[in-house]
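# An overview of the molecular structure
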Amino acid sequence: MRQHLRDIVRHRWPEGWQIRHVWFEQLSASKSYIRRIEFEKATEAVLTDGLSKTLAFWKTDRFDRRGMGAVGRMLDEFDRRKAGLVSTTEGLDSRQPGARIVFAILSERAREEAKDIALRVNTGHEAHRLEGRRGTGLPPYGLMSPRLADGKPSGLVAPNPLEYPGARRLVDLMVGKYETEDGKPGEKLSGTAAGIKLNQEGFRTRTGAEFTPETVSRIVQSPLFAGMVPRTERVLDEYGQPTGKWVNTQEPLLDENSDPVRCGEGVATVSEWYEIKAGYAERRSADGTRGRRDAEYLGTGFVHCHMCRGWMRHHRGYYRCVNRSSKGTCKGISTRAPRLEHALKEAFISHVTALDPTDRVLHVIARRWLSLSDPERKAQREHAEASLKAAQARVKKLEDDYYVYGKMSEERYEELSNAQRLTIKTMTTKLEELGEEEGDLTVLMDHAALREAWDDATIGTRRMLLKSALNAVYVLPAKGRGDHTPIEDRLTEWDWVSAA
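Residues numbered from 1 in each chain as written. Predicted model: local features only at pLDDT ≥ 70, side-chain atom pairs only at ≥ 80, totals over all residues. Heavy atoms only, no water.

### What to know about the sheet that holds strand E10 (residues 318–321)
Spatial ordering of the open sheet is given by E9-E10-E11, a layout of three strands whose pairing is antiparallel. Looking at the sheet topology across the chains shown, the edges are occupied by strand E9 (312–315) and strand E11 (334–336). Neighbour-to-neighbour, the strand axes of this sheet turn through a mean angle of 25°, independent of strand direction. With three bridges joining them, E10 and E11 adopt antiparallel strand pairing. Looking across to E11, one finds that Arg 320 is bridged to Ser 334. Packed on one face of the sheet, helix H11 (residues 337–353) meets E9, E10 and E11 and runs near 80° to E11. (Pairing = 2+ DSSP bridges. Helix = DSSP H or I, 4+ residues; strand = E, 2+ residues; numbered from the N terminus. Axes fitted to C-alpha atoms, helices over the stretch in contact; angles between N-to-C directions. Contact = heavy atoms within 4.5 Å.)

### A short note on helix H4 (residues 68–80)
Over its 13 residues, H4 runs 18 Å from end to end, which matches the ideal 18 Å to within 8%, given 1.5 Å per residue. Looking at the buried positions of H4, the neighbouring elements they touch are helix H2 (37–47), strand E1 (54–57), helix H3 (60–63), strand E2 (84–87) and helix H5 (99–130). (Expected span 1.5 Å × (residues − 1).)

### Digging into the side chain of Glu 38
Along the polypeptide, Glu 38 turns up in helix H2. Overall, Glu 38 belongs to the buried group, its relative accessible area being 19%. In contact with Glu 38, not counting residues within four places along its chain, are Trp 23, Phe 24 and Glu 25. (Buried < 20%, exposed > 50% of the residue type's maximum accessible area, 1.4 Å probe, protein only.)

### As for unusual backbone geometry
Phi at Lys 82 takes a positive value of approximately 55°, unusual for a residue other than glycine. Examined against the element boundaries, Lys 82 turns out to sit in the loop between H4 and E2. Among the residues examined, Lys 82 registers a relative accessible area of 70% and is labelled exposed.

### Notes on the nonpolar core
In this structure, Val 303, Met 312, Phe 348, Val 352, Ile 365, Leu 444 and Leu 491 are the most contacted members of the largest nonpolar core, which totals 34 residues. Counting residues per element, this core draws most heavily on H11, at eight residues. Judged by nonpolar contacts, the second largest core, of 27 residues, contains Tyr 141, Leu 189, Val 220 and Val 229. (Core = buried A, V, L, I, M, F, W, Y, C linked by side-chain atoms within 4.5 Å.)

### What about the environment of Ile 276?
Note that Ile 276 resides in helix H9 (residues 270–283). A residue is classified by how much of its surface remains accessible, and Ile 276, at 3% relative accessible area, is buried. Along the chain, Ile 276 and Lys 188 lie 88 residues apart, while their C-alpha atoms are 9.4 Å from each other.

### Concerning the packing of aromatic side chains
Two numbers describe a pair of aromatic rings. These are the distance of the centres and the angle of the planes. All told, the structure shown has eight aromatic pairs when counted by the stated rule. For the ring pair Phe 57 and Phe 63, a centre distance of 4.6 Å and an interplane angle of 20° mean the geometry is stacked. Take Phe 57 and Phe 63: they sit in the same class, and that class is buried. Both rings, one in Phe 348 and one in Trp 454, keep their centres 5.1 Å apart while their planes meet at 40°; by these two values the pair is tilted. Of this pair, Phe 348 sits in helix H11 while Trp 454 sits in helix H16 (residues 447–456), and the two are 106 residues apart along the sequence. On the basis of relative accessibility, which here comes to 0%, the residue Phe 348 falls in the buried class. Assessed through its relative accessible area of 3%, Trp 454 is described here as buried. Ring-pair connections join several aromatic residues into one group, and the members of that group are Phe 39, Phe 57, Phe 63 and Phe 103. If you follow Arg 309 out to its NZ or CZ, it ends over the ring of Tyr 474, 3.9 Å from the centre. (Phe/Tyr/Trp six-rings, centres within 6.5 Å; stacked < 30°, edge-to-face > 60°. Lys NZ or Arg CZ within 6 Å of the ring centre and 35° of its normal.)

### A word on a nonpolar patch on the surface
A surface patch of nonpolar side chains, about 270 Å² in accessible area, is lined by Ile 101, Val 102 and Ile 105. Its location among the elements puts Ile 101 in helix H5. (Patch = residues over 30% accessible without salt bridge, like charges linked within 9 Å, V, L, I, M, F, W, Y side chains within 5 Å. Areas by Shrake-Rupley, 256 points an atom, 1.4 Å probe, with all protein chains shown as cover. Salt bridge = Lys/Arg side-chain N within 4 Å of Asp/Glu carboxyl O.)

### Let's talk about the sheet that holds strand E3 (residues 92–93)
Judged by pairing direction, the sheet is mixed, and its three strands sit side by side in the order E1-E2-E3 without closing on themselves. Taken across any chain shown, the strands that pair with only one partner, and hence form the sheet edges, are E1 and E3.

### As for the environment of Pro 477
In this structure, Pro 477 sits in the loop between strand E12 (470–475) and helix H18 (487–490). Linking Pro 477 and Cys 305, residues 172 residues apart in sequence, is a C-alpha distance of 8.2 Å. Aside from chain neighbours lying at most four places away, what touches Pro 477 is Met 307, Ile 333 and Arg 490.

### Details of the pattern of salt bridges
Taken as a whole, this structure holds 21 salt bridges when the rule is applied. Note that Lys 177 and Glu 272 form a salt bridge whose closest N and O atoms lie 2.7 Å from each other. In this pair, Lys 177 is assigned in the loop between helix H6 (164–175) and helix H7 (191–200) and Glu 272 in helix H9, connecting sequence segments 95 residues apart. Beyond isolated ion pairs, a larger network of salt bridges with shared partners links Arg 168, Asp 172, Lys 177 and Glu 272.

Shown next as structure tokens:
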């Protein structure tokens, strides 16, 4: 390649001139954030090292596509050292009279050409995504990208036979579609717990490594994992100009009907994916960055010691006062966990079924019950609300950058703000379609039906329902060792959620 370039340059080179070195570069000449190593070496050879008085290039748009500002500064530096820039195909030498104005026109034309190319490429990619073609890059674990008959990428995803069993097992663990060793329905596992379980069962990632919490989160939260086209956003620099970096928002691309754009068959269904996303959101703390461990026992957070008013936690089959076990500041109360949890269950069922159908608390419980029975709808609402809030925040930032700080041009501002306003309109329409959640009160008004539903629910579900009705309950101390007082008589100061 270098010899070929030498032959081209020599063919157009003025007679008697000698070629000292050829620099070959394939990087973009239009992106300011890309460092062009060969370009820097070539200019340094003339401006710093003084190895030559002439730097030749094939064409102006190959030399620089950042416009006449960048090319003009380079011409000033060359003029200062009595050196010249030469375009071999255009027959230009910066030392000739009138050459600078021609370089300025050609460099601006090259800059506009770069913008046109970027526009055509981005428009094409966006059209492909809306048609259900995911773009480039490796799909998540468990999936593959099949090729067409002519060998070209199809832009779709399909299950990878080698990885699908492990990926599907991961989904089952995180949505609770599995049985424990004793044949009972399994609990929904967090990403950390599911990864540990996969490692124990001998599954490994695509690279042969063990599953870490970060790996699991990256896999299951990708829209591609459910066969949906992901929505990407371009990273902007401090002046609001686009860079060459794109970030995955971990959100599906929506069509004009506010429905996710599909790009093949995923490992998880859309409902399962939204359920997993909702699980991550529920475990996220207020700052949105750290997770919290789910409580494993029914009474955690509800049961308090009557003597010191402190918490009681589960330990080896008992609920014990934490101030007694950890601080020694209380004489302590303890009671067997099974009978306490049974009393909580009976109290919840009796309290809820006794509520008036018009009671606000009953409707709160019904809505929570609905969210558990239809996790996809709940997750879609949360996704739409989060997207709407984020788009509104981005519009405000764009307005500050344009009107207050003047960081971007009017054309760029209109392009970016219109995209965000389209997102706001789409998410608003989506929320209107989903409507307000209205729970079914039937199961909550029937004593037998509510008991059956409670027995079929997981610990997490029971805790969520209990939390919708109960704030706290306090446990009285036993009268002495071997006290046979029913646990119901030792539970006092029931703090039920008020209808006010």
